[in-house]
Structure formats: structure tokens, C-alpha cells
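Architecture at a glance
Chain by chain, the residues:
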Amino acid sequence: MNLLAGKTALVTGAARGIGKALALKFAAEGANVAFTDLAIDENGKQTEQELKDLGVKAKGYASNAADFAQTEEVVKLIKEDFGSIDILVNNAGITKDGLMMRMSEAQWDAVIAVNLKSAFNFIHAVLPIMMRQRSGSIINMASVVGVHGNAGQANYAASKAGLIALAKSIAQEVGSRGIRANAIAPGFIETAMTAALPEEVRADWCKKIPLRRGGHVEDIANVALFLASDMSSYVTGQVIQVDGGMNM
């Protein structure tokens, strides 16, 4: 059974990493997939082909998610190309870590713009489409640090906390139109970035996790599939922590 057959998903920042894993999961369940990234380079082209190989319509779009005008334009193009937008995943994100006393204004502004303003941009552009359809699922990719904070990541934590509050607010605004909004808060996930960490740092992380391991991108994709599909038709305004029990 294809849980997303006939639906169109839009995933931001999906040329690689967690965004790509979500896009592939959605496609495997029958969804047509549009995705964005700053540039559709070789990684983006490969992602597009992998999606098409699953038998669905797929296309990557070069767009700066933090730019309001570019977002309005790319959403218009996607609507023209795909006919509908049923699922929106706000996944685009960056980090520019540093202690608050040493953090520059540029570091703060960049992270807030890419991580949080981009979600505003896409929700603002997609909501009229979903409201006309009287259905839709919006998923904000947050983080456990958006729930509990983290030293050295004030900008990142603030942006992710903002994504959680944004999802809850949108859920209240448009629930009567059949539109749901939720957030996923990943914990320590095995990616190329975490693989580059020193082994002692990785081991220390795992000691704090009741399941004694890092998560996999598939763990995030499975939760995203639940929230994107009708399996979660009565779930909105929630934040689901996918962290192996690290933050209970």
C-alpha cells in the first residue's frame, strides 16, 4: 500500500542528508516530489534521478529558501509543474556555532534567516494552495536543541525553537481548513557531519542516550512519513522528538 499515492511533496534543502532521505521515503510511498536547494549540482541531479527511478514525478529547483521573493516564485513554478502541493517539509538549515560572547551579528542573522525565515517564506507561499485544497500537512524540521537549548548554539537553538512555535501557531490558524502542522526534533543522528566527530565525542553522546546509539536518517524519514500521511490525520501542533530517549 502506497501511503502517499497521488500526493505531491515539497521538501526544502533536500539534495542531500536528512532532506534527501525524506524525499526518497515519500517517493517510495507513491508521492511525487519537488525539492529545493541553493543549487541543483551533481548531488541534486543524482537525488532527482533516484527519485524518478522510484517511478514518480520528481524535480529539483535551485532556490534560496531564505529569500521571500525567490520562494514565492519557486512555489508558483512547482504548483504549475505538479498541479498541487499536499505536503511541505521545511528542512533547509545551516549551523554557525559559537559561544554568545563571541558570536557575530552575521552568524546570528544567517542561521535565523536560513533556518527560520525560510519556513515562514514557504508556509506563506504554500498555505493559499493548501487552503483551496482544504487539506495539507506541514512538517518543520526542528531539533532537540530547540526544546532544551545547547551551549554554543544559541542561534541554532533559537531558530529551531522558533520552528516548533511556528508549527503550533499554524496548526491553530488553519486546522479548520483541514491543514495540519507539526515539528520533528531529531537528536544525535548518524550523518556525514556526525561521522567526522572525534570518537570520544561520539561515545560521550551515546552514553547519554538510553538506546545507546545514534539515530539513522531512516528513523527521521519514518516519522516524517507518519506525519505526511493520513495515518496522522488527527495529529497537529505536536513536536515529536526522535532522539533515542536522550531528552525525555
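Above this text sits the structure in question.
Residues numbered from 1 in each chain as written. Predicted model: local features only at pLDDT ≥ 70, side-chain atom pairs only at ≥ 80, totals over all residues. Heavy atoms only, no water.

Remarks on the environment of Ala113
Applicable threshold: Starting at the N terminus, helices and strands are each numbered in turn, a helix being any DSSP run of H or I of at least four residues and a strand any DSSP run of E of at least two. Any residue under 20% of the maximum accessible area for its type is buried, any over 50% is exposed, and the rest in between are partly exposed; the area is computed with a 1.4 Å probe on protein chains only.
Inspection of the secondary structure assignment puts Ala113 in helix α4 (residues 105-133). Taking relative accessible area as the criterion, Ala113 reaches 22% and is therefore assigned partly exposed. Between the C-alpha atoms of Ala113 and Cys206, which are 93 residues apart in sequence, the distance is 31 Å.

With respect to the side chain of Lys20
The condition is simple: Contacts: residue pairs with any heavy atoms within 4.5 Å of one another.
By the element assignment, Lys20 lies in helix α1 (residues 17-28). Discounting residues that sit within four places of it in the chain, Lys20 has contacts with Ala14, Ala15, Gln46, Thr47 and Glu50.

Notes on the sheet that holds strand β2 (residues 32-37)
Strand pairs in the sheet, formed through backbone hydrogen bonds, run parallel or antiparallel to each other. What counts, and what does not: Two strands make a pair as long as DSSP finds a minimum of two bridges between them. Helix axes use the C-alpha atoms of the stretch in contact, all axes being lines fitted to C-alpha atoms, and the angles between their N-to-C directions lie in the range 0 to 180 degrees.
Taking strand neighbours across the sheet as the criterion, the seven strands line up as β3-β2-β1-β4-β5-β6-β7 in an open arrangement whose pairing is parallel. The two strands at the open ends of the sheet, each matched to only one other strand, are β3 (58-62) and β7 (239-242). Sheet twist, expressed as the average angle between the axes of neighbouring strands with direction ignored, equals 15 degrees. In terms of strand pairing, strand β6 (residues 179-186) meets β7 through four bridges, oriented parallel. By the bridge assignment, Ala183 is partnered in β7 with Val239. Strands in contact with α4 are β1 (8-12), β2, β4 (87-90), β5 (136-141) and β6; relative to β4, the strand with the most contacts, it is inclined by about 175 degrees.

Some words on the nonpolar core
The test is simple: We define the nonpolar core as a collection of buried residues of types Ala, Val, Leu, Ile, Met, Phe, Trp, Tyr and Cys that are connected through side-chain atoms lying within 4.5 Å of one another.
Core analysis: the biggest nonpolar cluster contains 31 residues, and Leu10, Val75, Ile78, Leu88 and Ile138 have the highest contact counts within it. With eight residues, α4 is the single largest residue contributor to this core. Here Val75 is in contact with Leu10, Ile85, Phe122, Ala125, Val126 and Ile129, once residues within four sequence places are set aside. Membership of the second largest hydrophobic core comes to 30 residues, among which are Leu4, Leu22, Ala58 and Met141.

A look at the side chain of Ser229
For the record, the criterion: Definition of a polar contact: a pair of N or O atoms within 3.5 Å, with one able to donate and the other able to accept a hydrogen when the atoms are protein atoms, and with sequence-neighbouring residues admitted only if both atoms are side-chain atoms.
With respect to the element layout, Ser229 can be found in the loop between α9 (217-228) and β7. Judged by relative accessible area, Ser229 falls into the buried class, the value being 1%. Looking at Ser229, its side chain comes within polar contact range of the main-chain oxygen of Phe226, at 3.3 Å. In this structure, Ser229 is in contact with Leu3, Leu4 and Arg180, ignoring residues within four places of it in sequence.

Thoughts on unusual backbone geometry
In this model, Arg134 sits at a positive phi of 60 degrees, which is unusual for a non-glycine residue. For Arg134, the location among the structural elements is in the loop between α4 and β5. Here Arg212, not a glycine, exhibits a phi torsion of approximately 60 degrees, which is positive. Here Arg212 is to be found in the loop between α8 (199-207) and α9. By relative accessible area, which is 54% here, Arg212 ends up exposed.

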